[in-house]
Amino acid sequence: MAESICRALRDGALEGEHAPALTIKDTLHTPYGFQAFTHVLCSLSSNILSAKSQSKCLVLIAFEKSPSFYYELLRSKGVDVNTMKNWLRILDCYSDPLGWKDGITGSNDAAVKICKNVRDLEKLLSYVLELGKGVVGQGKVRFSVAIDSVSVMLRHAALSSVASLINNLRSNNQVSSIFWLIHSDLHETRSTTVLEYMSSMVASLDSMVHSSNGQRSSSLNIFSIEHNSGKGKFNVRLKRRNGRVKVMCEEFHVEQTGIKFVVISSGNGMVNHTLVPKVQFNLQLSEKERADRENVVLPFEHQGIGKEVQIYDGRRSLPVEQNETSPVLTTEKSHAKADQGKGEIHYFRDSDDEHLDSDEDPDDDLDI
Amino acid sequence: MVFYKQKMSSFSRNLADSRLPQIPGVKHGPNGTSFVSTGIPDLDKILGGGFHLGSLVMVMEDGEAPHHLLLLRNFMSQGLVHNQPLLYASPSNDPKSFLGTLPSPVSPKDDKSRGPETEQEKGLRIAWQYRKYFGENQLNNENNKDAKKEYCNEFDLRKPLKVPSLGAQHIDCFSILESPNLTAFRDRCSTFLAQVPRNDKGIGCAGRIAIQSLCAPQCGYSDTEFWFSGERNIRCSSLNAQRGFSLYVDRFLKSMLRSSNAVAVITFPSSLLSPSLSKRWQHMADTLLSVRAIPDEDKDLANLLTGYQDMVGLLHVHKVAQINTQVPVILDANTFSIKLQRRRSLVLERLNQAPVDGSSGTSYGTSSSCSSSSKSTSLDF
């Protein structure tokens, strides 16, 4: 759930542990990953501002949007621009990632640093650490890192360098938490799996309609894209410290103001129903079955209800008496299928032309 | 004389061979092989004594759970307790810090309390979990217990082991993060293995090699093997460099191991490697294990498996080493649950599950893991 991942990022890392890392992934069918990313970003920002979080600063590596976009975004959430300089640093990889423009040498904004060569990830790492330590200083105070889009990073650098950058950030003592966005259909599955391996939480945005074999609809349905109503499923896999994986599912709606998450009432039952093989026998009784079972009159000598004993031997039907309950049949194969309130045992024969006692061993072959 | 599995029958073969000297930490097994303990008593029983000296043990990691670290930690601690030389490699910048997380052995007086716990369960016996009750007979066998105490210790995962200074204990750590073509790795391994050669004089000392996350994605060389497999070449590289890596690591290491008295335990993230490399390594291994994560707070699993609350993961034994013999080792059960007993010691148990419908064939055939959310997951029993 979105709340729990925001909380995990807010709580940050324990001493001696790797920082928690979140992967947000989306596809073309549900292209709302960026909204989810900004949601997490704003939540972490508000936690930093209210001093509830372990980290005191946020370093944002912006590939897909310009720094001014983020300023606008935070301003629309009610954050004062002037205070942003105290806790927000942006590494601008959007304006001039490959150093093509000669004019831009530095920005007039002290909180923004322009990176001119995104291919050199070692340099990028040093910029990030420099920006972060510039705010929190050396020592025990930590900062968080957000990567706008790892997809763009992977365009410029090899997977192993990106993986080692993330690993270095996670194992750095001063990084509290780190999160990033990736568009999973832009890359080979290996890249996405590697990033999931390196993260402690994986949040994926999936479409509402899941095909039955679980594959994320490789058959492109044109109409499904057009009917993208801004809704979908938000699946989160959290790796817990004890080694178990917590799987959660929510629904999300994208509106003008942003993305909203709604808890599904049916919960986890749907997610894992394929894990449980069917048990061979059903030992449970439904309510109706239980009630009916109570009403069945058993063909024993003593019913325990103080009435006269009727013993039925299976050959003749009982004489019908007004005070008695309806006749019962006893054979080994009868099973309780009761009427409403009466409690009868109905026996359905396999075929109608059988003799009365053909269920038992026929003695025809005996020559006596 | 037929060789029975010790845990399943009341016959137990007296394996103590008086001709060969007894070295603490090394047990002599059938067919002239020797074992060292894995550090986990249950795993020793499952594998028939422990890890064979001279064998290569590979553990397939699950990206979602750190259980391979539990296996490595117990393995390393056991080696340190027996004063065996240890070589440890990991893809982190500071591998020595991992030594601080090694568990220390449980003191003997705590160990006895494990017995009475099973006594309490005698009240209720569940019919289809009958196999669980066979093991109770062995707890009363005093001989077994004493021998086990020397060979394999139970480790308390909450208490760290005090590792004395490196020089005294023959511990060597290094990082495999930065070696571009692993020549440094090869040299370290060969110098280490030279300390524990195998010769006719008998076993002097047994060595242990523990390698964590070989070919993890953050290592620089992890891309080269991928290009070798031919998928999506982005850049070309010389053929020698490509071919060199994967074949040379396992062939080299395996051949060196055979001629020395050491065991190597290597964990690798099989889902992140190219399928061909992963398969090659799986075949190379003498003993192959894999660990898997389980979902948390899963009501269906809780109904299906007993003891779900204590389980932290699953261990699957794919292959057991078959050294000096043509007879394969066939286990009764391959999948075990990893439990933390009283949050401190590692216990492996057979899975006790409810009787299942045979028609749901997918749960037996596929070996999919819990970590892939897009595939339909089913447990592999």
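Residues numbered from 1 in each chain as written. Chains lettered and ligands numbered in written order. Predicted model: local features only at pLDDT ≥ 70, side-chain atom pairs only at ≥ 80, totals over all residues. Heavy atoms only, no water.

A short note on the overall build of chain A
Point 1. Within chain A, the regular secondary structure consists of ten helices and ten strands.
Point 2. When burial is assessed residue by residue, chain A has 44% of its 368 residues classed as buried.
Point 3. Within chain A, contacts between residues separated by at least 24 positions form 67% of all contacts whose residues are at least 6 apart in sequence.
Point 4. When the accessible surface of chain A is totalled, it reaches about 20500 Å², and 51% of it is carbon and sulfur. (Helix = DSSP H or I, 4+ residues; strand = E, 2+ residues; numbered from the N terminus. Buried < 20%, exposed > 50% of the residue type's maximum accessible area, 1.4 Å probe, protein only. Contact = heavy atoms within 4.5 Å. Areas by Shrake-Rupley, 256 points an atom, 1.4 Å probe, with all protein chains shown as cover.)

Side note on the overall build of chain B
Point 1. Scanning chain B for helices and strands turns up 14 helices and 14 strands.
Point 2. By residue count, 51% of the 381 residues in chain B fall in the buried class.
Point 3. Within chain B, contacts between residues at least 6 apart in sequence are counted, and of these 74% link residues at least 24 apart.
Point 4. Accessible surface for chain B amounts to roughly 18000 Å². Of this, 52% is attributable to carbon and sulfur atoms.

Some points on the sheet that holds strand S4 (residues 56-60) of chain B
Residue and element names in this part refer to chain B.
Point 1. With mixed pairing, nine strands are arranged side by side in an open sheet as S8-S5-S9-S10-S4-S11-S12-S13-S14. Strand pairing shows two members of the sheet lacking a second neighbour, strand S8 (171-175) and strand S14 (345-350), which therefore form its edges. Here the average twist between neighbouring strands, direction ignored, is 20°.
Point 2. Where helix H2 (residues 67-81) meets the sheet, its contacts fall on S4, strand S5 (86-90), S8, strand S9 (207-211), strand S10 (262-268), strand S11 (287-293), strand S12 (311-319), strand S13 (335-341) and S14, and the angle it forms with S9 comes to roughly 160°. (Pairing = 2+ DSSP bridges. Axes fitted to C-alpha atoms, helices over the stretch in contact; angles between N-to-C directions.)

Here we look at the sheet that holds strand S2 (residues 34-36) of chain B
All names here are of chain B.
Point 1. In space, the three strands of this open sheet follow the order S1-S2-S3, with antiparallel pairing throughout. Two strands close off the open sheet at either side, each with one partner strand: strand S1 (26-28) and strand S3 (51-52).
Point 2. With two bridges connecting them, S2 and S3 associate as antiparallel partners. In the strand pairing of S3, Phe 35 is matched with His 52.

Comments concerning the nonpolar core
All names here are of chain A.
Point 1. Of all hydrophobic cores here, the largest spans 42 residues; its most connected members are Leu 91, Phe 143, Val 145 and Leu 169.
Point 2. Those elements that place two or more of their residues in this core are strand S2 (55-62), helix H5 (121-136), strand S5 (142-147), helix H6 (150-156), helix H7 (159-171), strand S6 (175-183) and helix H8 (189-198).
Point 3. Considering every element that reaches this core, the biggest residue donor is H5, with eight residues.
Point 4. Among residues more than four places away in sequence, those in contact with Leu 91 are Leu 60, Ile 61, Ala 62, Lys 113, Cys 115, Leu 124, Tyr 127, Val 128 and Leu 131. (Core = buried A, V, L, I, M, F, W, Y, C linked by side-chain atoms within 4.5 Å.)

Concerning the confidence of the model for chain A
Caution applies to low-pLDDT parts of the model: their predicted coordinates are not meant to be read in detail.
All names here are of chain A.
Point 1. For chain A, the average pLDDT comes to 77, and 68% of its residues sit at 70 or higher.
Point 2. When mean pLDDT is taken per element in chain A, S6 scores highest with 94 and helix H9 (residues 222-226) scores lowest with 54.
Point 3. Ignoring residues within four places in sequence, the model shows residues 211-218, a span with pLDDT below 50, making ten contacts including any to other chains.
Point 4. This model gives residues 318-341 a pLDDT under 50, and the stretch forms 39 contacts once residues within four places in sequence are excluded. (pLDDT = per-residue confidence, 0-100.)

Side note on the side chain of Ser270(B)
All names here are of chain B.
Point 1. By the element assignment, Ser 270 lies in the loop between S10 and helix H12 (275-284).
Point 2. Residue class for Ser 270 comes out buried when judged on its relative accessible area of 17%.
Point 3. The residues contacting Ser 270, other than those within four sequence positions of it, are Met 60, Glu 61 and Ser 278.

Observations concerning the packing of aromatic side chains
Remark: the centre distance and the inter-plane angle together describe each pair of aromatic rings, the angle taken between the planes.
Point 1. Counted according to the given criterion, the structure contains ten aromatic pairs over all chains.
Point 2. Pairing Phe69(A) with Tyr70(A) gives two aromatic rings, centres 5.4 Å apart and planes at 85°, and the pair type is edge-to-face.
Point 3. Since its relative accessible area comes to 30%, Phe69(A) is described here as partly exposed.
Point 4. Here the aromatic rings of Phe51(B) and Phe75(B) are separated by 5.7 Å at their centres, their planes lie at 65°, and the arrangement is edge-to-face. In this pair, Phe51(B) is assigned in strand S3 and Phe75(B) in helix H2, connecting sequence segments 24 residues apart.
Point 5. Look at Phe75(B) and you get buried, because its relative accessible area is 1%.
Point 6. Taken together, the aromatic side chains of Phe34(A), Phe37(A), Phe69(A), Tyr70(A) and Phe179(A) make up a single cluster linked through ring pairs.
Point 7. Looking at Lys65(A), its charged tip hangs above the ring of Phe69(A), at a distance of 5.1 Å from the centre.
Point 8. Across from the ring centre of Phe75(B), 4.8 Å away, lies the NZ or CZ of Arg208(B), which sits over that ring. (Phe/Tyr/Trp six-rings, centres within 6.5 Å; stacked < 30°, edge-to-face > 60°. Lys NZ or Arg CZ within 6 Å of the ring centre and 35° of its normal.)

Topic: the pattern of salt bridges
Point 1. Applying the stated criterion across every chain yields a total of 14 salt bridges over all chains.
Point 2. Residue Asp42(B) is joined to Lys45(B) by a salt bridge in which the shortest nitrogen-to-oxygen separation is 3.6 Å. Residue Asp42(B) and its partner Lys45(B) are located together in helix H1 (residues 41-47), separated by three residues, close to a single helical turn.
Point 3. Among the residues examined, Asp42(B) registers a relative accessible area of 10% and is labelled buried.
Point 4. Here Arg258(B) ties to Asp286(B) by a salt bridge, and the two come within 3.3 Å at their closest N and O atoms. In this pair, Arg258(B) is assigned in helix H11 (residues 239-258) and Asp286(B) in the loop between H12 and S11, connecting sequence segments 28 residues apart.
Point 5. The partly exposed category is assigned to Arg258(B), whose relative accessible area is 39%.
Point 6. A single salt-bridge network, built from bridges that share partners, covers Arg240(A), Arg244(A) and Asp296(B). (Salt bridge = Lys/Arg side-chain N within 4 Å of Asp/Glu carboxyl O.)

What to know about the confidence of the model for chain B
Residues and elements named next belong to chain B.
Point 1. Averaged over all residues, the pLDDT of chain B equals 70, while 62% of them reach at least 70.
Point 2. The spread of mean pLDDT over the elements of chain B runs between helix H14 (residues 362-365), the lowest at 32, and S4, the highest at 93.
Point 3. Across residues 110-121, where pLDDT falls below 50, the model places 13 contacts with residues more than four positions away in sequence or in other chains.
Point 4. We note a pTM of 0.72 for the whole complex and an ipTM of 0.73 for its interfaces.

Things to note about the environment of Leu14(A)
Point 1. Structurally, Leu14(A) can be placed in the loop between helix H1 (2-11) and strand S1 (21-26).
Point 2. Apart from residues no more than four positions distant in its own chain, Leu14(A) is found in contact with Arg142(A) and Arg241(A).

So, the packing of helix H2 (residues 33-49) of chain A against helix H3 (residues 67-76) of chain A
For any two helices packed against each other, one specifies the crossing angle of their axes together with the interaxial distance.
Residues and elements named next belong to chain A.
Point 1. Relative orientation of the contacting elements H2 and H3 amounts to 65°, with a least axis distance of 11 Å. Classified by chirality, the crossing of H3 by H2 is right-handed. Here H2 contributes Phe 34, Phe 37, Thr 38, Leu 41, Cys 42 and Ser 45 to the contact with H3, which in turn contributes Phe 69, Tyr 70, Leu 73 and Leu 74.
Point 2. Across the contact of H2 with H3, the residue classes break down as eight nonpolar, two polar and no charged. (Left-handed = near helix turned anticlockwise from the far one by under 90°. Nonpolar A, V, L, I, M, F, W, Y, C, P; charged D, E, K, R; others polar.)

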